Amino acid sequence: MKATGIVRRIDDLGRVVIPKEIRRTMRIREGDPLEIFTNRDGEVIFKKYSPIGELSGFASQYAEAINKAVAFPVCISDKDNVIAVCGAPKKEFLEKKISPDIEKILDEKIPYVSKSTSKSVGIVEGGDKYSAGIVYPIISEGDCIGSVIIFSENGGAFGETEEKVAKSASIFLGKQMEE
């Protein structure tokens, strides 16, 4: 664990302010859920809570099934990182931060489907080898919690079938989180 040198006092209601620099660096936005951990040494640790991250084993199997159905690489993300990938090198995607383009799609809760005239949408920060062809936000109880992304290395031809599979997958994963 790394010390920041920042000290904050707890107010009379038990609240503490997380400094803006840390919120920006860690991509913590207003309303984001945080998980709280403690240890015997008196440390209190805040961690961004990823509801879909709890399904990572299931998400991996689901990504594999989608990949077999559409013959394109697939990844599933939460709002910050890729949590499952199939059909592409895991080291390039797994646990990597999603790109600002994907973040914007998730914030708007509007699916993205590549058209021949569309600009390239990167999947992870700093990764430009692969581009997203289809991005479907996973919506659970009205909140966007992640995405299903079908992509390719050379911008392949994505059709109606791939779009429907991604849409179905995102709806299914969203429903799984509601139960």
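Every value quoted in this text rests on a predicted model; they were computed, and no experiment measured them.

Trainee: Help me understand the nonpolar core in this model?
Mentor: Counting 23 residues, the largest nonpolar core has Ile 66, Ile 76, Ile 134, Val 148 and Ile 150 as its most contacted members. Beyond its immediate chain neighbours, meaning those up to four positions away, Val 148 contacts Ile 66, Cys 75, Ile 134, Val 135, Tyr 136, Ile 138, Ala 166, Ala 169, Ser 170 and Leu 173. In terms of nonpolar packing, the next biggest core, distinct from the first, is built from 19 residues, Cys 75, Ala 88, Phe 93 and Ile 123 among them.

Trainee: Looking at this model, I keep getting lost on the sheet that holds strand 5 (residues 112–113). Mind explaining?
Mentor: The strands making up a sheet associate through backbone hydrogen bonding, with each pair oriented either parallel or antiparallel. Taking strand neighbours across the sheet as the criterion, the 5 strands line up as 4-3-7-6-5 in an open arrangement whose pairing is antiparallel. In this open sheet, the two edge strands, each paired with only one partner strand, are strand 4 (82–86) and strand 5. Across 4 bridges, the pairing between strand 3 (residues 74–78) and strand 4 is antiparallel. By the bridge assignment for strand 4, Val 74 is matched with Cys 86. Here helix 5 (residues 160–178) sits on the sheet and contacts strand 3, strand 5, strand 6 (131–140) and strand 7 (143–152); the angle it forms with strand 6, its principal contact strand, is near 30°.

Trainee: Could you clarify how one ought to interpret the side chain of Ser 147 in this entry?
Mentor: Assignment of secondary structure puts Ser 147 in strand 7. Within the structure, Ser 147 has its side chain in polar contact with the side chain of Ser 77 (distance 2.7 Å). Contact partners of Ser 147, with chain neighbours within four places excluded, come to Cys 75, Ile 76, Ser 77, Ile 102, Leu 106, Val 135, Tyr 136, Pro 137 and Ile 138.

Trainee: Where do I start with helix 4 (residues 100–108) in this structure?
Mentor: Helical periodicity: at 3.6 residues per turn, an α-helix aligns residues three or four positions apart in one direction. Listed in full, the buried residues belonging to helix 4 are Ile 102, Glu 103, Ile 105 and Leu 106. Viewed along the axis of helix 4, the buried residues span an arc of 160°, placing them on a single side of the element. For helix 4, exposure combined with an orientation more than 90 degrees from the buried face picks out Pro 100 and Lys 104. Looking at the packing, one finds that the buried side of helix 4 touches strand 3, strand 5, strand 6 and strand 7.

What counts, and where the lines are drawn
- Residues numbered from 1 in each chain as written.
- Predicted model: local features only at pLDDT ≥ 70, side-chain atom pairs only at ≥ 80, totals over all residues.
- Heavy atoms only, no water.
- Core = buried A, V, L, I, M, F, W, Y, C linked by side-chain atoms within 4.5 Å.
- Buried < 20%, exposed > 50% of the residue type's maximum accessible area, 1.4 Å probe, protein only.
- Contact = heavy atoms within 4.5 Å.
- Pairing = 2+ DSSP bridges.
- Helix = DSSP H or I, 4+ residues; strand = E, 2+ residues; numbered from the N terminus.
- Axes fitted to C-alpha atoms, helices over the stretch in contact; angles between N-to-C directions.
- Polar contact = N/O pair within 3.5 Å; in protein donor to acceptor, adjacent residues only side chain to side chain.
- Arc of directions from axis to C-beta.

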